[in-house]
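# Coordinates in review
Chain residues, written in single-letter form:
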Amino acid sequence: MHDDHDQNDDHGHHPNHDHDNHYSDMQARVKALETLLTEKGLIDPAAIDAIVETYETKVGPRNGAHVVAKAWSDADFADWLKRDATAAIASLGYTGRQGEHMRAVFNTAETHNLVVCTLCSCYPWSVLGLPPVWYKAPAYRSRAVIDPRGVLAEFGLTLPEEKKIRVWDSTAELRYLVIPERPEGTDGMDEAALAGLVSRDAMIGTAIAGSWKVSAAGSSKISAAGSPEALP
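Each value, and the rule that gives it
- Residues numbered from 1 in each chain as written.
- Predicted model: local features only at pLDDT ≥ 70, side-chain atom pairs only at ≥ 80, totals over all residues.
- Heavy atoms only, no water.
- Salt bridge = Lys/Arg side-chain N within 4 Å of Asp/Glu carboxyl O.
- Helix = DSSP H or I, 4+ residues; strand = E, 2+ residues; numbered from the N terminus.
- Buried < 20%, exposed > 50% of the residue type's maximum accessible area, 1.4 Å probe, protein only.
- Expected span 1.5 Å × (residues − 1).
- Contact = heavy atoms within 4.5 Å.
- UniProt positions renumbered as here; feature names shortened; annotations may be inferred.
- Polar contact = N/O pair within 3.5 Å; in protein donor to acceptor, adjacent residues only side chain to side chain.

## What to know about the pattern of salt bridges
- Here the structure, examined in full by the defined rule, presents eight salt bridges.
- A salt bridge links E154 to R143, with the nearest nitrogen and oxygen atoms 3.1 Å apart. One end of the pair, E154, is in helix α9 (residues 148-154); the other, R143, is in helix α8 (residues 138-146), with eleven residues separating them in the sequence.
- Taking the shortest distance from any N to any O, the salt bridge between E161 and R149 comes out at 4.0 Å. Taken as a pair, E161 in the loop between α9 and β3 (164-169) and R149 in helix α9 lie far apart in primary sequence, twelve residues in all.
- Residue E161 is classed as exposed on the basis of its relative accessible area of 62%.
- Connected via shared salt-bridge partners are K70, D74 and E191.

## Section: helix α3 (residues 61-73)
- Counted at 1.5 Å a residue, the expected span for α3 with its 13 residues is 18 Å, and the 18 Å between its end C-alpha atoms agrees.
- Of the positions making up α3, those classed as buried are N63, G64, A65, V67, V68, A69, K70, A71 and W72.
- Looking at the packing, one finds that the buried side of α3 touches α4 (75-83), α5 (85-90), α6 (125-128), β4 (175-179), α10 (191-195) and α11 (200-204).

## Some points on the environment of P138
- Mapped onto the secondary structure, P138 falls in helix α8.
- In this structure, the C-alpha to C-alpha distance between P138 and S121, residues 17 residues apart in sequence, is 9.7 Å.

## What about the UniProt feature "binding site: Fe(3+)" (unreviewed entry) in the chain?
- In the UniProt entry, the feature "binding site: Fe(3+)" (unreviewed entry) is given for C117, C120, S121 and C122.
- Turning to its location among the elements, C120 is positioned in the loop between β2 (111-116) and α6.
- In this fold, S121 is placed in the loop between β2 and α6.
- Apart from residues no more than four positions distant in its own chain, S121 is found in contact with Y135 and K136.

## Quick look at the side chain of H112
- When you line up the elements, H112 lands in strand β2.
- Owing to a relative accessible area of 2%, H112 belongs among the buried residues under this scheme.
- A distance of 2.6 Å separates a polar atom in the side chain of H112 from the backbone oxygen of G205.
- Here H112 is in contact with N107, L152, L157, L159, K163, K164, I165, R166, G205, A207 and I208, once residues within four sequence places are set aside.

Right under this line is the structure:
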């Protein structure tokens, strides 16, 4: 331990010198690159900070959760969402990049919806933020189409055999938002509380609302967050 070292060691180093750099290797590389680009006048740190702030506090799954909660609690809004998702979502202030054209697909007792982009990684940034790594992975993009039930099982979601799974392929022209089924026993909850039951994965279709547990059977392939660590 450092406390056992003589402060006047042969190298003249402070015993805690090795801990001065609090950056991880990746953080240090990013910081070095940012510094270099700033010195060359290629980026503005203030602009980068503004973008990060936007995606951390204004853009992300909380927006989509608000849309879902309002659809659960307001029948008129749910109907509008079915007819014109782009306009309905925009009425809540969520529009813009990667979310200009939206369609909401509603889970029911008979049908479960799953969203994928088989071509690249088209994703509704304005309501879900940036796409998770697994959404962009070739394994998910291919297997979600040919074996959606198997893929869902790897997320810890096992659906009844009689429930139909419908897969929607996002494109540059149209992106999808899954409206999960409202959990039972939530009749007395307000919109804010309901939004807290909606995860990002539920709005992609790889989970159900109010479900945050990972099945033991899928523990070897599912991360603690409920997303596949590696789809074979």
